[in-house]
Amino acid sequence: MIKKVAIAGLQLDNYTVRESIMEIERNLSNGVFNTVEDVSMDMIIAAEEDPKIKDLLENLDHTLISEVGVLKAVSEVSIQRKHEIENNDFYTEFMKRVARNHKQVYVLGQDRETVDEVCQRIQKEFPKCEIIGTGALDDTAGASEAVVNDINTVAPDVVLSVIPSPAQEYFLMENKDKLGANLWYGMGKVEKKRKGILGALQRTAKCHRFARFVHQMDRKATTNEP
């Protein structure tokens with residue numbers, strides 16, 4: 001299994017969950033602010049349309065492929081990686097380690113309702129995980145600055161972001177040099193997978209559309225089309 005995949009002009013990590021966890025655990029202890037984000041098909045398309053998003057994704061310390069369709073588009077799907085991605089294994093294992101190692105978490109989202117839902121889910125699934133602060137960008141005018149100040153006041157080990165992309169990436173671009181935390185984990189919009197035949201059909205159609213997009217980008221790169 002290759003550890004890096006090239007797709008639509010981006011280089012993305014393709015490590016197993018175990019390898020990613022080991023690397024990020026080292027980052028949590030090195031005293032330097034590190035960045036990791038889930039990367040979806042939509043984010044890759046957005047990066048093609050917005051050079052700033054592309055630049056940020058290229059400069060993340062670690063990327064996590066969050067949809068199997070990304071690997072399908074470049075014919076790099078293994079049974080192990082398919083299972084890990086579909087079951088969101090990285091998030092589960094990461095949060096277990098956070099709780100076990102007594103790391104403190106700050107949950108950041110776009111709106112208060114989403115933030116509260118995520119906190120409730122964390123407390124239910126990982127009851128020993130310590131959430132020391134929360135922030136919602138929609139709460140008040142000038143919320144971005146207020147959130148940064150709040151994060152720096154409580155100084156969490158992990159900022160867990162559930163801000164939808166690309167707002168998440170813009171927030172990180174504007175504030176990464178100001179954040180007093182050890183690790184930024186950008187999960188993006190939290191969505192429940194639609195179950196049943198209809199959900200499967202929608203996911204399949206999305207994968208096909210993305211594969212066409214990747215093919216077009218590859219053809220453009222080889223023929224130097226504008």
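Residues numbered from 1 in each chain as written. Predicted model: local features only at pLDDT ≥ 70, side-chain atom pairs only at ≥ 80, totals over all residues. Heavy atoms only, no water.

**Let's talk about the overall build of the protein**
Scanning the protein from terminus to terminus reveals 10 helices and eight strands. By the compact-globule yardstick of 17 Å for 226 residues, the protein fits well, its C-alpha radius of gyration being 18 Å. The principal-axis extents of the C-alpha atoms in the protein amount to approximately 50 × 35 × 35 Å. Counting only residues that meet the buried cut, the protein has 42% of its 226 residues in that class. Carbon and sulfur atoms make up 49% of the accessible area of the protein, which totals about 12100 Å². Across the protein, the centroid of the 30 positively charged side chains sits 7 Å from that of the 36 negatively charged ones. (Helix = DSSP H or I, 4+ residues; strand = E, 2+ residues; numbered from the N terminus. Rg over C-alpha atoms; globule rule 2.2 N^0.38 Å. Buried < 20%, exposed > 50% of the residue type's maximum accessible area, 1.4 Å probe, protein only. Areas by Shrake-Rupley, 256 points an atom, 1.4 Å probe, with all protein chains shown as cover. Lys, Arg positive; Asp, Glu negative; His and termini not counted. Charge placed at Lys NZ, Arg CZ, Asp CG, Glu CD.)

**Some remarks on the environment of Gly135**
By secondary structure assignment, the location of Gly135 is in strand S6 (residues 130-136). Once the C-alpha coordinates of Gly135 and Arg112 are considered, the two residues, 23 residues apart in sequence, prove to be 7.5 Å apart. Aside from chain neighbours lying at most four places away, what touches Gly135 is Tyr106, Val107, Leu108, Gly109, Arg112, Val115 and Val147. (Contact = heavy atoms within 4.5 Å.)

**So, the environment of Leu60**
Positionally, Leu60 belongs in the loop between helix H3 (51-58) and strand S4 (62-65). Along the backbone, Leu60 and Ile122 are 62 residues apart, and their C-alpha atoms lie at a distance of 25 Å. Not counting the four nearest positions on each side in its chain, Leu60 is found in contact with Thr35, Glu37 and Leu172.

**Points about empty space enclosed by the protein**
Applying the stated criterion across every chain, the model contains one cavity of 30 Å³ or more. In this structure, the largest cavity encloses a volume near 40 Å³. As for the largest cavity, its lining consists of Ile21, Ile24, Glu25, Leu28, Phe94, Arg97, Val98 and Asn101. For the lining of the largest cavity, the elements supplying multiple residues, two or more each, are helix H1 (17-28) and helix H6 (89-100). Looking at the lining of the largest cavity, the element that brings in the most residues is H1, giving four residues. (1 Å grid on protein atoms, 1.4 Å probe; cavity = no way out; pocket = protein on both sides within 12 Å on 5 of 7 lines; lining within 4 Å. Points joined across faces, edges and corners; volume = space filled by probe spheres on them.)

**Quick look at the sheet that holds strand S7 (residues 158-161)**
The parallel open sheet is built from six strands, whose spatial order is S4-S3-S8-S7-S5-S6. Edge positions in the open sheet fall to S4 and S6, since each of these has one partner strand only. Going from strand to strand, the sheet's axes swing by 20° on average, the running direction of each strand aside. Note that S7 and strand S8 (residues 183-186) share four bridges and pair parallel. When the bridges of S8 are listed, Leu160 appears paired with Tyr185. Across the sheet, H6 touches S4, strand S5 (104-109), S7 and S8, and the angle it forms with S8 is around 150°. (Pairing = 2+ DSSP bridges. Axes fitted to C-alpha atoms, helices over the stretch in contact; angles between N-to-C directions.)

**Quick word on the nonpolar core**
The biggest cluster of nonpolar side chains holds 37 residues, and the ones touching the most others in it are Leu12, Ile44, Leu57 and Leu108. Counting 27 residues, the second-largest nonpolar core is a separate cluster that includes Leu28, Phe94, Met95 and Val162. (Core = buried A, V, L, I, M, F, W, Y, C linked by side-chain atoms within 4.5 Å.)

**Observations regarding the pairing of S8**
The alternating pattern of S8 places Leu183 and Tyr185 on one face and Trp184 and Gly186 on the opposite face, and all of these are buried. With four bridges joining them, strand S3 (residues 34-39) and S8 adopt parallel strand pairing. By the bridge assignment for S8, Val36 is matched with Tyr185. Following the chain from S7 across helix H9 (residues 167-175) to the adjacent parallel S8, one finds a crossover that is right-handed. (Right-handed = clockwise from strand over helix to strand, strands pointing away.)

**Focus: the packing of aromatic side chains**
Within this structure, the stated rule accounts for six aromatic pairs. Each member of the aromatic cluster is reached from another via a ring pair, and the members are Phe90, Phe94 and Tyr185. (Phe/Tyr/Trp six-rings, centres within 6.5 Å; stacked < 30°, edge-to-face > 60°.)

**Notes on the confidence of the model for the protein**
With 96% of its residues at a pLDDT of at least 70, the protein reaches an overall mean of 90. Looking over the protein, one finds the lowest element-wise mean pLDDT in helix H10 (residues 196-223), namely 82, and the highest in S7, namely 98. (pLDDT = per-residue confidence, 0-100.)

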